[in-house]
Protein chains: 2
Amino acid sequence: MTPDLSLVPIGFVRSPLVDRGEASRQGDEGAPECTIELDPAYASAAADLTVDEVVLVLTWLHEADRAARLVRPRGDADRPLTGVFSTRSPDRPNPIGLHRVQITGIDGNRLRVRDLEAIDGTPVLDIKPVLGDVDER
Amino acid sequence: MTPDLSLVPIGFVRSPLVDRGEASRQGDEGAPECTIELDPAYASAAADLTVDEVVLVLTWLHEADRAARLVRPRGDADRPLTGVFSTRSPDRPNPIGLHRVQITGIDGNRLRVRDLEAIDGTPVLDIKPVLGDVDER
């Protein structure tokens, strides 16, 4: 019994970053502001998001190497090979990116966000509120 | 150009919880200890995980209602209908669960974990380290 595990993009990242090599390693290390363009089919699901809110965004890191099992953290040749589940490398069996971002503007189905390190065209999978007691403790 | 967004289970939750109604709303509200049984194909990816470590576990909430756009948070009839992207409801377009858990034991391909509120048989998608400066800030 293999369950059906297929995702649907709820939107896409629109960013000046077009090349994986340009993306900063984590969002707070210099990602430019970018836009999440939501599919209008999900407008009601997004209707309670607010400007200034900090949310978790899940993305599909579509250029990832899904066969990777061991990587050097942050691509640093001086670091030892490490199991991908102990790293935040995009190269992993299910390349789901987890980003903590701040919403800086909302214009219809477009969310302007800060600190999202993802290249242009990256599929967006989900937006979740931060739970202080669960995520920040 | 629709990208292929299909997930592979890296393992499954083995838990005494068998019914969604029994699962606590968040992991720190009384989830029993349970086990993540990893597919041996991912043994090297998991080889650097350690006992006592706190990690993020992503799951596929296989009993979710993917058509949901508005829910009452925590199933509370007294709360207003809220867009799912402003809630942690399992009912959402891509039912990916995000759990912050502590590893309490490792026995071959079995990880014993605390605070994982997921029912028996839940597919596991990913394990990520907590980044203090990104996730906890």
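The shown structure was predicted, so the numbers you read here are calculated from the model rather than taken from an experiment.

**Student:** Just checking my understanding: could you explain unusual backbone geometry for this structure?
**Tutor:** Leave glycine aside and you will find that most residues have negative phi; peptide bonds, for their part, are mostly trans. All names here are of chain A. The phi torsion at D115 lies on the positive side, around 75 degrees, for a residue other than glycine. Note on placement: D115 falls in the loop between strand 7 (110–114) and strand 8 (123–129). For D115, a relative accessible area of 23% gives the class partly exposed.

**Student:** Any chance you could explain the interface of chain B and chain A here in plain terms?
**Tutor:** Of the residues lining the interface, 50 residues belong to chain B; the matching set on chain A comes to 50 residues. Contact with chain A buries surface across chain B, with B:L5, B:F85 and B:R88 losing the most and accounting together for 17% of the total. Between the two partners, chain B and chain A, sit two salt bridges. Two residues, B:R92 and A:D126, come together in a salt bridge whose shortest N-O distance is 2.9 Å. The interface formed by chain B and chain A holds 26 residue pairs in polar contact (both at pLDDT 80 or more) in total. Listed by contribution, the elements that provide at least two residues to the side of chain B that touches chain A are helix 1 (43–46), strand 3 (54–60), strand 5 (82–83), strand 6 (96–107), strand 8 (123–129) and helix 2 (132–135) of chain B. With six residues, strand 8 of chain B is the single largest residue contributor to the side of chain B that touches chain A.

**Student:** Hey, could you run me through the relation of the copies chain B and chain A in this one?
**Tutor:** Relating one copy of the chain to the other requires a rotation about an axis plus a shift along that axis. The two copies are related by a screw motion: chain B maps onto chain A through a turn of 180 degrees and a shift of 0.0 Å along the axis, at an RMSD of 0.0 Å. These values place the two chain copies in the arrangement generated by a two-fold rotation axis.

**Student:** It is not clear to me how the sheet that holds strand 8 of chain A should be interpreted in this structure. Could you clarify?
**Tutor:** Whenever strands of a sheet pair, they do so through backbone hydrogen bonds, lying parallel or antiparallel. Sheet architecture is closed into a barrel: six strands sit in the order 1-2-7-6-3-8 (chain A), paired in antiparallel fashion. Sheet twist, expressed as the average angle between the axes of neighbouring strands with direction ignored, equals 45 degrees.

**Student:** Looking at this model, I keep getting lost on the pattern of salt bridges. Mind explaining?
**Tutor:** One side chain can pair with another of opposite charge once the charged atoms of both are near each other. All names here are of chain A. All chains considered together, the criterion is met by 14 salt bridges over all chains. Of the charged contacts, one joins E37 and R14 as a salt bridge, the two residues approaching to 3.8 Å between their closest N and O atoms. Here the residue E37 occupies a position in strand 2 (residues 34–38), and R14 occupies one in strand 1 (residues 11–14), the gap between them amounting to 23 residues. Among the residues examined, E37 registers a relative accessible area of 23% and is labelled partly exposed. Residue D76 pairs with R79 through a salt bridge whose shortest N-O separation is 3.9 Å. Taken together, the shared-partner salt bridges connect R14, E37 and R110 into one network.

Scoring rules and cut-offs
Residues numbered from 1 in each chain as written. Chains lettered and ligands numbered in written order. Predicted model: local features only at pLDDT ≥ 70, side-chain atom pairs only at ≥ 80, totals over all residues. Heavy atoms only, no water. Helix = DSSP H or I, 4+ residues; strand = E, 2+ residues; numbered from the N terminus. Buried < 20%, exposed > 50% of the residue type's maximum accessible area, 1.4 Å probe, protein only. Contact = heavy atoms within 4.5 Å. Buried area = accessible area lost by both parts, 1.4 Å probe. Salt bridge = Lys/Arg side-chain N within 4 Å of Asp/Glu carboxyl O. Polar contact = N/O pair within 3.5 Å; in protein donor to acceptor, adjacent residues only side chain to side chain. Least-squares fit on C-alpha atoms with pLDDT ≥ 70 in both. Pairing = 2+ DSSP bridges. Axes fitted to C-alpha atoms, helices over the stretch in contact; angles between N-to-C directions.

None of this, on its own, says anything about what the molecule does.
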